[in-house]
Amino acid sequence: MTIDGQAVPTAATFDVLDPATNEVYAQAPDCSKEQLDAAMESSAKAFRDWRADEGARRDALRQAAAILLGASGELAPVLTSEQGKPLSDANLEIFAAGMWLQYYADLELPREVIQDDDSAFVEVVRKPLGVVGAITPWNFPVTLASWKIAPALLAGNTMVLKPSPFTPLTTLRIGELLRDVFPPGVFNVVSGGDDLGAWMTSHPMPRKISFTGSVATGKKVAAAAAPDLKRTTLELGGNDPAILLDDVDAAEVADRVYRYAFANNGQICSAIKRVYVPERIYDDVVEALASHARSAKVGPGSDPETQLGPINNRPQFDRVSDLVADALKSGARAVAGGKAMDSPGNFFEPTILADVSDGTRIVDEEQFGPALPVIPYRDIDDAVDRANATHFGLSGSVWGGDADRAAQVAERLECGTAWVNTHLALAPHQPFGGAKWSGLGVENGTWGYYGFTELQVLHRAKH
Ligand code: NAD
């Protein structure tokens, strides 16, 4: 682990499995309570100097971006081994993290003068909060960490970062690589089980918890942060609908919908997780989606031919298996896939489910895996109502030949991001967050930066 700029060994370790084989691939350090205290104290101590020099912070973020990009040849295979994703996707993930660090290093933050007249000069000033506890999930451990590291450190905060116990290794290695970039204590990386996350959220030191993970855990984080009124940003689960309008080209749209549903093997918070299709083109869309799913090359991420890797971990694999089995039992038709593959790894056939509707678990819940329900609709108002009839509200998309008409429908979706004729179009300058149970606050862009600050009004009277 990296605590106070030093390599810190632990008394205990835990297993990290390769999802392509389910064999133990490495041991990761299991942080003790005392070591977490040490990390928090080093972060609090480092805060005083770190907050004082914005130029040094920007330089350090630039250096961090360059180091990450330069180390992708070393980092990507580690990420593939612990996460399962194809090596090319792992490289992209490291690249995205570098991009996010670079974006914030260069982000211009204009002074916010809200009054300048005879009576007063009034400014809104953004001040760092202090120690930030950052907790990440297993689907994009590196990119999602960079969404927190870059704005939090730019704002002058210091950080203790904890990756998921399923994917701790790449993050721990990044802690090592950046030891000389940030002053001791500014950026600590610790690892352990879910308990460690709970210790962080109830620890007296952090002033903010930045969390990405499931709705269930997000609620626990919110509850644990409440007694101390810690600030929280919660990026939680999604159940993104894609609504196709009746003027789309079925084959063309199916090609893109497939891509945005099965990227990262469906393990993306804002992947397409249910598709609403007009009855008239339903069979064509289902068949086009199924033909993509049938021809997908599933295998270990280390094989250059692989398009979809294994599901990251056994509990998630079991969940996807259960949801698909439940749908089939309730009368859904697996037009492609429908079951686990014969392998010791967590491989599941890319699955397209037809003749399925709301009220089935795989439509109502977040599957977070390679199985997509396709739902017919007759009336667009009804489709929008069904898309919105959920506690989730992360993102969604509407697809149509007439982009203006599609945009009007997209505006009616109750979610943080509504895309038109695309999906998953994420970028460092665009705020990203969930409505309803999908989250609290946003990440990215200036808005994400503000989330790591406390607002102060500086009011100078002129007379
Ligand atoms: P998870 O909630 O199980 O775990 C996320 C992290 O929280 C892990 O590091 C875990 O160790 C930690 N944790 C567990 N219990 C905790 C507790 N009581 N207190 C504090 N921390 C605790 O989620 P996961 O299975 O790793 O990730 C998948 C979920 O994440 C999906 O629901 C997905 O949609 C969501 N996700 C959301 C976004 C987003 O930006 N909105 C992005 C990626 C993933």
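Remember, it's a predicted structure, so these values are computed and weren't measured experimentally.

Draft legend 1. Broad picture of the packing of helix α2 (residues 54–70) against helix α5 (residues 141–154). Contact pair α2 / α5: the axes reach a minimum separation of 9 Å and the direction vectors enclose 160°. For the element pair α2 / α5, the angle class is roughly antiparallel. As α2 packs across α5, the resulting crossing turns out to be right-handed. Along its contact with α2, which presents Arg-57, Arg-58 and Leu-61, the element α5 presents Ala-150, Leu-153 and Leu-154.

Draft legend 2. Here's a closer look at the domain arrangement of the protein chain. Assigned domains within the protein chain: domain 1 (2–236 + 436–461) and domain 2 (240–427). Between the C-alpha centres of domain 1 and domain 2 there is a distance of 30 Å. Both faces considered, domain 1 and domain 2 share a buried interface measuring about 2200 Å² in area, 57% of it formed by carbon and sulfur atoms. Among the residues of domain 1 in contact with domain 2, Trp-138, Lys-436 and Ser-438 are the three that bury the most area, contributing 26% of the side total. Counting the contacts that link domain 1 with domain 2 gives one salt bridge. Note that Lys-436 is salt-bridged to Glu-414, the shortest N-O span being 2.9 Å. Our enumeration of links across domain 1 and domain 2 arrives at 15 residue pairs in polar contact (both at pLDDT 80 or more). When contributions to the side of domain 1 that touches domain 2 are tallied by element, the ones reaching two or more residues are α3 (72–83) and α4 (87–106). Looking at the side of domain 1 that touches domain 2 element by element, the count peaks at three residues for α3.

Draft legend 3. Structural view of the pairing of strand β4 (residues 23–30). Relative to β4, strand β3 (residues 12–18) runs antiparallel, the two being bridged by seven bridges. Following the sheet pairing, Val-16 is matched in β4 by Ala-26. As consecutive antiparallel partners, β3 and β4 are separated by four residues, and within that stretch Asn-22 has a phi angle of approximately 65°, a positive value.

Draft legend 4. Broad picture of α4. Taking 1.5 Å per residue as the helical rise, α4 with its 20 residues ought to reach 28 Å, and the 29 Å between its terminal C-alpha atoms agrees with that figure. Among the residues making up α4, those that are buried are Ala-90, Glu-93, Ile-94, Ala-96, Ala-97, Gly-98, Trp-100, Leu-101, Tyr-104 and Ala-105. The inward-facing, buried residues of α4 abut α2, α3, α5, α6 (169–177) and α15 (445–450).

Draft legend 5. Main features of the sheet that holds strand β15 (residues 351–354). A sheet is described by the order of its strands in space; here seven strands give the open sequence β14-β15-β16-β13-β12-β17-β18, paired in mixed fashion. With one partner strand each, in any of the chains shown, β14 (333–336) and β18 (417–420) form the two edges of the open sheet. Averaged over all pairs of adjacent strands, the angle between their axes in this sheet comes to 25°, without regard to strand direction. Examined bridge by bridge, strand β12 (residues 240–244) and strand β17 (residues 395–399) share three bridges and lie parallel to one another.

Draft legend 6. Quick look at α6. For α6, the tally of buried residues reaches seven of nine residues, placing the bulk of the element in the interior. Of the residues making up α6, those classed as buried are Leu-169, Thr-170, Thr-171, Leu-172, Ile-174, Gly-175 and Leu-177.

What counts as what
Residues numbered from 1 in each chain as written. Predicted model: local features only at pLDDT ≥ 70, side-chain atom pairs only at ≥ 80, totals over all residues. Heavy atoms only, no water. Axes fitted to C-alpha atoms, helices over the stretch in contact; angles between N-to-C directions. Helix = DSSP H or I, 4+ residues; strand = E, 2+ residues; numbered from the N terminus. Parallel < 35°, antiparallel > 145°, perpendicular 65-115°, else oblique. Left-handed = near helix turned anticlockwise from the far one by under 90°. Contact = heavy atoms within 4.5 Å. Domains from an automatic or database assignment. Buried area = accessible area lost by both parts, 1.4 Å probe. Salt bridge = Lys/Arg side-chain N within 4 Å of Asp/Glu carboxyl O. Polar contact = N/O pair within 3.5 Å; in protein donor to acceptor, adjacent residues only side chain to side chain. Pairing = 2+ DSSP bridges. Expected span 1.5 Å × (residues − 1). Buried < 20%, exposed > 50% of the residue type's maximum accessible area, 1.4 Å probe, protein only.

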